There are 2 protein chains.
Amino acid sequence: MSEPQLAALYLDYIACLNRRDWDALGQWVADDVVHNGHRLGLGGYRAMLEQDVLQIPDLHFDVQQLVVDRHHVAARLEFDCTPKGVFMGLQVNGRRIAFHEHVFYAFRDDRIKEVWSVIDKAAIQAQL
Amino acid sequence: MSEPQLAALYLDYIACLNRRDWDALGQWVADDVVHNGHRLGLGGYRAMLEQDVLQIPDLHFDVQQLVVDRHHVAARLEFDCTPKGVFMGLQVNGRRIAFHEHVFYAFRDDRIKEVWSVIDKAAIQAQL
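By convention here, each chain's residues receive numbers from 1 onward along its written sequence. Whichever chain is written first is A, and whichever ligand is written first is 1; the rest continue in order. Predicted model: local features are reported for residues with pLDDT of at least 70 only, side-chain atom pairs are reported and counted for 80 or more only, and whole-chain, interface and lining totals are derived from all residues. Working from all heavy atoms in the structure, the side-chain values ignore hydrogens and water.

### Overview of the sheet that holds strand β6 (residues 97-108) of chain A
All names here are of chain A. Applied cut-off: By the convention used here, strands pair only if DSSP detects at least 2 bridges between them. For the purposes of this entry, the term helix denotes a DSSP run of H or I that reaches at least four residues, the term strand denotes a run of E that reaches at least two, and both are numbered from the N terminus. As a rule, the C-alpha atoms of each element are fitted with a line to give its axis, helices using only the stretch in contact, and angles between N-to-C directions run from 0 to 180 degrees. In this analysis, two residues are considered to be in contact whenever any of their non-hydrogen atoms come within 4.5 Å of each other.
Judged by pairing direction, the sheet is mixed, and its five strands sit side by side in the order β1-β7-β6-β3-β2 without closing on themselves. The open sheet has two edge strands, β1 (29-35) and β2 (62-68), and neither has a second partner. The sheet shows a mean angle of 25° between the axes of neighbouring strands, direction not considered. Here strand β3 (residues 72-81) pairs with β6 via ten bridges, running antiparallel. Residue pairing in the sheet places E78 in a bridge with H100 of β6. Sitting on the sheet, helix α2 (residues 41-55) is in contact with β1, β6 and β7 (111-119), with an inclination near 65° to β1.

### Some words on the interface of chain B and chain A
The condition is simple: Two parts placed together each lose some accessible area under a 1.4 Å probe, and adding up what both lose gives the buried area. A pair is scored as a salt bridge if a Lys or Arg side-chain nitrogen falls within 4 Å of a carboxyl oxygen belonging to Asp or Glu. Any pair of N or O atoms that falls within 3.5 Å is considered a polar contact. Within protein, one atom must be able to donate a hydrogen and the other to accept it, and sequence-neighbouring residues count only if both atoms are side-chain atoms.
Chain B puts 21 residues into the contact, and the matching count from chain A is 21 residues. Carbon and sulfur atoms make up 66% of the surface buried where chain B meets chain A, a total of about 1,900 Å² over both sides. In terms of surface lost to chain A, no three residues of chain B exceed V67, F104 and V118 of chain B, which account for 34% of the buried area on that side. Linking chain B with chain A are zero salt bridges, by the criterion used here. Counting the contacts that link chain B with chain A gives three residue pairs in polar contact (both at pLDDT 80 or more). Of all the elements in the fold, those that place two or more residues in the side of chain B that touches chain A are β3 (62-68), β4 (72-81), β7 (97-108), β8 (111-119) and α3 (121-127) of chain B.

### Things to note about the packing of aromatic side chains
Note the following rule: Planes of paired rings set the category: under 30 degrees apart is stacked, over 60 is edge-to-face and the rest tilted, where pairs are Phe, Tyr or Trp rings (Trp by its six-membered ring) whose centres lie within 6.5 Å.
Per the stated rule, a full pass over the model turns up 13 aromatic pairs over all chains. A network of ring pairs unites the aromatic residues F61, F79, F87 and F99 of chain A as a single cluster.

### Here we look at the side chain of K121 of chain A
Using the following cut-off: A simple rule labels every residue: compare its accessible area, found with a 1.4 Å probe on the protein chains alone, to the largest value its type can have, and call it buried under 20%, exposed over 50%, or partly exposed in between. Only four residue types enter the charge count, namely Lys and Arg as positive and Asp and Glu as negative; His and the chain termini do not.
Tracing the chain through its elements places K121 of chain A in helix α3 (residues 121-127). Although K121 of chain A is buried, it makes no salt bridge; D120 of chain B carries the closest opposite charge, 8.4 Å away. There is a polar contact of 3.0 Å between the side chain of K121 of chain A and the backbone oxygen of M88 of chain A. Those residues in contact with K121 of chain A, other than ones at most four positions away along the chain, are M88 and L90 of chain A together with A122 and Q125 of chain B.

Interpretation note: all reported values are geometric properties and have no functional meaning in isolation.
Printed below as a string of structure tokens:
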């Protein structure tokens, strides 16, 4: 898959998340996917996303930057949302916050096999 | 500049940081460089790095992942170090911690013109 094709595939994955189309997730995510060193598998990955949306009903993935090679995607994602209760150990309680996630993905056979994600917790704390 | 050439240039920049060769920094960093939305300029960028090393004498940049296109680099950097005193608002006080930085760079004329960095503060907190 060429770089532009992988970028397009990734944007399709993000669109899937934004429309909460969990049943389609397996089109982009491998059965044995690993997230931040934890082998969640597709079911665990879906559960993580469903939990995210339960806590942040207005969660929307906005791709600000994308760097792509033949087997990897690096994305700077922007969020502007209102998490309920405690988020990342912080008392957000429905306040509106904006923050970024910087996330690397490795692909195998056009599916995400591993994810390394860092969320800008310091930026969230600075807004509370 | 091709992707492999930009990757090599970036690794040279990291080697420059690891040998504290601040006088050479301008080979890789633009005079008007912007860091996380702040226009530091080369002087301010150097001051930031010098301050980092003052606080973390054993700071070493270890590139774990690199995704490169013709004008951008995304890097997952790993640190295993002992910051003095308060680091990112946390009482580290010389304890040994390991954490990652996910950082995006935009290049212009083979120099870094803008940097977007997120450090995994949550991972540091979990170690204290």
